[in-house]
Amino acid sequence: MTATAPTRTKTMTMVAAINDALALALERDPAVHIFGEDVGVMGGVFRATDGLQARFGAERVFDTPLAEAGIIGMGIGMGLAGLKPVAEIQFAGFLYPALDQVLSHLGRYRHRTRSRYHVPMVVRAPYGGGVHTPEQHADSPEAILAHTPGVKVVIPSTPRDAKGLLLAAIEDPDPVFFFEAIKLYRSVKEEVPEEYYTTPLGKARVVTGGDDVTVIAYGGMVEVAARAAEAARAHGIGVEVLDLRTLVPLDTGTILESVAKTGRVVVVTEAPRTGGFHSEISATIAEEAIEHLQAPIVRVTGFDAPYPPFTSIEDVYRPNPVRVAKAIRQVMAY
Amino acid sequence: MSKPKTKTQPKPTPQAAGAAAYEGAQGEMFQLVTPEGTAPQPELLPDVPTRLKLYRLMRRARHFDERAWVLYRTGRMGVFPPYGGMEASQVGTAAALTHDDWLFPTYRDTGAALTYGLPIPQTIAYWRTSPHGWAMPQDLKVLPFYIPIATQYPQAVGAALAEKRKGTRNVAMAYIGDGGSSEGDFHEALNFAGALGAPCVFVLQNNGWAISVPTRTQTRATNLSLRAEGYGIPGVRVDGNDVLATYHVALEAVNRARNGEGPTLIETVTYRVKPHTVADDPSRYRTDADTAGWDAKDPVQRLRTHLLAEGHLTEEQDATVTREIEAEFEAALQVADAFPEPTPAEIVDHVFAEPTPQLVRQRAQIMAEEGA
């Protein structure tokens, strides 16, 4: 945080913290414009933009036609022309029609114009499972974006981080994808500073300290990892839980430091298994810290299948504390 | 229309996509100068200096196109998508802009970019795949030539909307081909622009071909300007080989956008006389006879004939134009030749404002392996 003096705080859910960040950004910078499907009059399907249009007007906060490529493409043009576009894609799983805009342009504008142009755009998108949404509403496409040169990927896990990271993302001169775990929108509350502050991109957070195992997670999986760590602690296993906060830039320093201490690693995501960002983390550790490893790295992930909308068995797909705890036992027993 | 094709037919029948389709569309198209050089509505013509300026810009664009071929064949230019024969479509529309406006060109719109003001050395460098060509000038609002099809359309809407939000009277002009108008982004952009009132001018260059696919295979529609109607915005169909006509309709559309009256779709009916790129072999999908029909409609010749007949240009003055354009290009080529080659580390530069730790390491790796 940039602020040093103690400040007034307020108990906020994550969605309230996001709403608060957006309001502060609109207030602070007239270039900030928020748009997407249902973000205006309705305030968003999750109410993340609730009240913003009434307060800042329909020019700054506006509903768009229903077309994701149009939303991202238009945002790119707004960014090129000097505005600060903050687009909402209603669900991360609806991002796919816009991937041409993202992969062909958003990520490479600075590069393909040798910095003559850049796109200071933020794309917010709810992602992930755990709340029994319909088909395609629970996808975790972060690896696609992290694999796209020129875009940053931020995934907060707490209200305080969500506010600080979102304000940092909006300040950032480059495109940032900001994935918000649907499961966390209203299930977590904490004291959040009321003032404007930023949480720097590229700095992981140590959620709990421990000497035996490092569990690496982000977004919706942080709380799952933390619960597994708590259970392990009852059995005398010290688990250090890392919340990456941002996948791009990735804080490899904090990861390697922790691995050097524990020598055992579990990586948790709810994305499909093959080619996921968890594999990138695992490979980085294997390349940089193999001499510290005392056991093979274990990944706890979703499966190589579309996220199931079947309420009664959804939780089999999405990693839970039991699966993470099992992985912790596995690396301890090696 | 041509007869229906059968699967066993060895070659497509090209005629319907070419001159015949153009003739069929004549009555619906806005035209100021006939292929013979006559102007039935002289009161609509721009003033003589403007006519001479447009002529010179077309000659300049054509010279670039012709020299690019030679440079490619001698290994001094990369793969280049020629536009020769489409100068009226590109020059007339781009000439309606000022440098406060935005230009979103596709890969085939070098003629539009040159008209807008992209310097020739930079343009040569771009098609040489040099970073010096990628760095668009600070004083122009021209975007790099778009390779993906139709993606520039929504972006132009965004730039146009941004100008509107900032309270300027600036507009954005974006280009596309008939093939590109099949893409979803094209339709999303027209809809967005209409719904949000973006000051945008969409130029749809119907040049008959999307590589090897003729327009009649591309779409069942025969008048692409009518697509505007579906989005509640004006659509206009213009003879894309008549630069005075394209300039006229583009200026009207630009002025409408400036005055807050929203977007316009302009279909310029023209023909891609040249191959898709300098590396393409069009004999696989069309005949020379089909293309030859378009020589009689050549946009540069048409205006030249008109200017000579009206007494606004002499053969002597025309020869001077030729000499000046040639000299300008050769001087520009020398400037382009002097641009230094990129260093290997430039591969990882300009990804973010501040490189990530990962990029810093990768840059160091390149420096170590390839030298500075």
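Quick caveat, the model's predicted, so the values are computed rather than measured. (Residues numbered from 1 in each chain as written. Chains lettered and ligands numbered in written order. Predicted model: local features only at pLDDT ≥ 70, side-chain atom pairs only at ≥ 80, totals over all residues. Heavy atoms only, no water.)

Novice: Explain the overall build of chain A to me, using residue names and the numbers behind them.
Specialist: Looking only at helices and strands, chain A features 12 helices and 14 strands. At 19 Å, chain A has a C-alpha radius of gyration in line with the 20 Å of a compact globule built from 334 residues. Expressed along its principal axes, the backbone C-alpha trace of chain A runs to roughly 60 × 45 × 45 Å. Within chain A, contacts between residues separated by at least 24 positions form 82% of all contacts whose residues are at least 6 apart in sequence. Only carbon and sulfur atoms are counted for the fraction: they give 53% of the accessible area of chain A, which is about 12000 Å². Between the averaged position of the 32 positive side-chain charges in chain A and that of its 39 negative side-chain charges there is a distance of 2 Å. (Helix = DSSP H or I, 4+ residues; strand = E, 2+ residues; numbered from the N terminus. Rg over C-alpha atoms; globule rule 2.2 N^0.38 Å. Contact = heavy atoms within 4.5 Å. Areas by Shrake-Rupley, 256 points an atom, 1.4 Å probe, with all protein chains shown as cover. Lys, Arg positive; Asp, Glu negative; His and termini not counted. Charge placed at Lys NZ, Arg CZ, Asp CG, Glu CD.)

Novice: How would you sum up the UniProt feature "domain: Dehydrogenase E1 component" (unreviewed entry) in chain B? Please name residues and give values.
Specialist: Summarizing the sequence annotation, UniProt attributes the feature "domain: Dehydrogenase E1 component" (unreviewed entry) to residues 55-344 of chain B in the numbering used throughout. Taken end to end, residues 55-344 of chain B comprises 47% helix and 11% strand; its first and last C-alpha atoms sit 42 Å apart. (UniProt positions renumbered as here; feature names shortened; annotations may be inferred.)

Novice: Describe helix α10 (residues 277-289) of chain A, listing the residues and the values that go with them.
Specialist: Residue and element names in this part refer to chain A. Helix length check: α10 (13 residues) gives 18 Å between terminal C-alpha atoms against 18 Å at 1.5 Å per residue, within 8%. For α10, every residue scored as buried is listed here: Phe-277, His-278, Ile-281, Ser-282, Thr-284, Ile-285 and Ala-289. Down the axis, α10 shows its buried residues gathered within 160 degrees of arc, on one side only. Lining the buried residues of α10 we find α6 (142-146), β10 (213-217), β12 (246-248), α9 (252-262), β13 (265-268) and β14 (298-300). (Expected span 1.5 Å × (residues − 1). Buried < 20%, exposed > 50% of the residue type's maximum accessible area, 1.4 Å probe, protein only. Arc of directions from axis to C-beta.)

Novice: An account of the interface of chain A and chain B is needed here, citing residue identities and associated values.
Specialist: In this complex, chain A contributes 43 residues to the contact, which on the side of chain B involves 44 residues. Buried surface at the junction of chain A and chain B, summed over both partners, amounts to about 3600 Å²; 62% is from carbon and sulfur atoms. Taken as a group, Arg-112, Arg-114 and Arg-116 of chain A account for 20% of the area that chain A buries against chain B, more than any other trio of residues on that side. Inspection of the region where chain A meets chain B yields 3 salt bridges. (Buried area = accessible area lost by both parts, 1.4 Å probe. Salt bridge = Lys/Arg side-chain N within 4 Å of Asp/Glu carboxyl O.)

Novice: Tell me about the pattern of salt bridges, residues and numbers included.
Specialist: Residues and elements named next belong to chain A. The full count for this structure, using the stated rule, is 34 salt bridges over all chains. Asp-20 is the partner of Lys-163 in a salt bridge, and the nearest nitrogen-oxygen pair spans 2.6 Å. Taken together, the residues Lys-163 in helix α7 (residues 159-171) and Asp-20 in helix α1 (residues 14-28) connect sequence positions 143 residues apart. Exposure class is identical for Lys-163 and Asp-20. Each is buried. Through salt bridges that share partners, Asp-161, Arg-205, Asp-243 and Arg-245 make up one connected network.

Novice: Just give me the short version of helix α13 (residues 315-337) of chain B, but keep the residues and values in it.
Specialist: Residue and element names in this part refer to chain B. For α13, with 23 residues, the first-to-last C-alpha span of 33 Å sits near the 33 Å given by 1.5 Å per residue. All of the buried residues along α13 are Asp-318, Val-321, Ile-325, Phe-329, Ala-332, Leu-333 and Ala-336. Of the surrounding elements, those touching the buried residues of α13 are α2 (48-73), α5 (120-127) and α12 (299-310).

Novice: Quick rundown of the packing of helix α7 (residues 152-165) of chain B against helix α8 (residues 184-196) of chain B? Include the residues and the values.
Specialist: Residues and elements named next belong to chain B. For the pair α7 and α8, the least separation of the axes is 8 Å and the interaxial angle reads 20 degrees. One finds that α7 runs roughly parallel with respect to α8. Like other packed secondary-structure pairs, α7 and α8 cross with a definite hand, here left-handed. Together, Tyr-153, Pro-154, Val-157, Leu-161 and Lys-164 of α7 and Asp-185, Phe-186, Ala-189, Leu-190, Phe-192, Ala-193 and Leu-196 of α8 make up the contact between the two elements. (Axes fitted to C-alpha atoms, helices over the stretch in contact; angles between N-to-C directions. Parallel < 35°, antiparallel > 145°, perpendicular 65-115°, else oblique. Left-handed = near helix turned anticlockwise from the far one by under 90°.)

Novice: Got a sec to walk through the nonpolar core? Specific residues and values, please.
Specialist: With 118 residues, the main nonpolar core has Leu-106 and Leu-244 of chain A together with Phe-104 and Phe-202 of chain B as its most contacted residues. If we skip the residues at most four places from it in the chain, Leu-244 of chain A touches Lys-203, Ala-204, Ile-216, Ala-217, Tyr-218, Leu-250, Ile-255, Phe-277 and Ile-281 of chain A. In terms of nonpolar packing, the next biggest core, distinct from the first, is built from 62 residues, Phe-80, Tyr-107, Leu-118 and Met-173 of chain B among them. (Core = buried A, V, L, I, M, F, W, Y, C linked by side-chain atoms within 4.5 Å.)

Novice: Describe the packing of helix α8 (residues 221-234) of chain A against helix α12 (residues 321-333) of chain A, listing the residues and the values that go with them.
Specialist: Residues and elements named next belong to chain A. Where α8 meets α12, the closest approach of the two axes is 8 Å, and the angle between their N-to-C directions is 55 degrees. Viewed along their axes, α8 and α12 adopt a mutual orientation that is oblique. α8 and α12 meet at a crossing whose hand is right-handed. Of the residues in α12, those touching α8 at Val-224, Ala-225, Arg-227, Ala-228 and Ala-232 are Pro-321, Val-324, Ala-325 and Ile-328. Across the contact of α8 with α12, the residue classes tally to 8 nonpolar, no polar and 1 charged. (Nonpolar A, V, L, I, M, F, W, Y, C, P; charged D, E, K, R; others polar.)

Novice: Run through the sheet that holds β13 of chain A, naming residues and quoting values.
Specialist: All names here are of chain A. Here we have 5 strands laid out as an open sheet, ordered β9-β11-β10-β13-β14, and mixed in their pairing. The open sheet has two edge strands with one neighbour each: β9 (205-208) and β14. Neighbour to neighbour, the strand axes of the sheet diverge by 25 degrees on average, direction disregarded. Sheet analysis places β9 next to strand β11 (residues 239-243), joined by 3 bridges and oriented antiparallel. Residue pairing across strands places Thr-208 opposite Val-241, the latter belonging to β11. Taken strand by strand, α8 contacts β9, β10, β11 and β13, and its axis lies near 170 degrees from that of β11. (Pairing = 2+ DSSP bridges.)

Novice: How would you summarise the pairing of strand β7 (residues 176-181) of chain A if you had to cite specific residues and measurements?
Specialist: All names here are of chain A. Most of β7 sits inside the fold, with 6 of its 6 residues counted as buried. In this sheet, β7 lies alongside strand β5 (residues 122-127) in parallel orientation, the contact comprising 6 bridges. By the bridge assignment, Arg-124 is partnered in β7 with Phe-178. Sheet analysis places strand β6 (residues 152-154) next to β7, joined by 3 bridges and oriented parallel. Residue pairing across strands places Val-154 opposite Phe-178, the latter belonging to β7. Where the polypeptide runs from β6 across α7 and back to β7, its parallel neighbour, the crossover connection is right-handed. (Right-handed = clockwise from strand over helix to strand, strands pointing away.)

Novice: Account for the side chain of Arg-272 of chain B, naming residues and giving values.
Specialist: Residues and elements named next belong to chain B. Topologically, Arg-272 is positioned in the loop between β7 (264-269) and α11 (288-295). Polar contacts involving the side chain of Arg-272 include one to the main-chain carbonyl oxygen of Ile-211, which spans 3.3 Å. In this structure the side chain of Arg-272 is engaged in a polar contact, spanning 2.8 Å, whose partner is the backbone oxygen of Lys-274. With residues near it in sequence (within four places) discarded, Arg-272 still touches Met-86, Arg-108, Asn-207, Trp-209, Ile-211, Asp-280, Tyr-285 and Arg-286. (Polar contact = N/O pair within 3.5 Å; in protein donor to acceptor, adjacent residues only side chain to side chain.)

Novice: Hey, could you go over the sheet that holds β6 of chain A for me, with residue numbers and the actual values?
Specialist: All names here are of chain A. An order of β3-β2-β4-β5-β7-β6-β12 is seen for the 7 strands of this open sheet, with the pairing classed as mixed. Only two strands of the sheet have a single partner each, and these edge strands are β3 (61-63) and β12. The mean inter-strand angle of the sheet, taken between neighbouring strand axes irrespective of direction, is 20 degrees. Judged from the 3 bridges that link them, strand β2 (residues 32-36) and β3 form a sheet pairing that is parallel. Its bridge partner being in β3, Phe-35 is matched across the sheet by Phe-62.

Novice: A description of the packing of aromatic side chains should follow, citing residues and the corresponding values.
Specialist: Across all of its chains, the model carries 22 aromatic pairs over all chains by this definition. Aromatic side chains Phe-64 of chain B and Phe-329 of chain B sit 5.7 Å apart centroid to centroid with 75 degrees between the ring planes, which places their arrangement in the edge-to-face category. Here the residue Phe-64 of chain B occupies a position in helix α2, and Phe-329 of chain B occupies one in helix α13, the gap between them amounting to 265 residues. Of the two residues examined, Phe-64 of chain B and Phe-329 of chain B, each falls in the buried class. On the numbers, 4.9 Å between centres and 70 degrees between planes, the contact of Tyr-126 of chain B with Phe-145 of chain B is edge-to-face. Taken as a pair, Tyr-126 of chain B in helix α5 and Phe-145 of chain B in the loop between α6 (131-134) and α7 lie far apart in primary sequence, 19 residues in all. By the burial criterion, Tyr-126 of chain B is buried, and Phe-145 of chain B matches it. Connected via pairs of aromatic rings, a cluster forms that spans Phe-64, Phe-80, Tyr-83, Tyr-126, Trp-127, Phe-145 and Phe-329 of chain B. When the ring centre of Phe-352 of chain B is taken as origin, the NZ or CZ atom of Lys-152 of chain A, which lies over that ring, is 5.1 Å away. Seen from the ring of Phe-62 of chain A, Arg-165 of chain B lies directly overhead, with NZ or CZ sitting 4.8 Å from the centre. (Phe/Tyr/Trp six-rings, centres within 6.5 Å; stacked < 30°, edge-to-face > 60°. Lys NZ or Arg CZ within 6 Å of the ring centre and 35° of its normal.)

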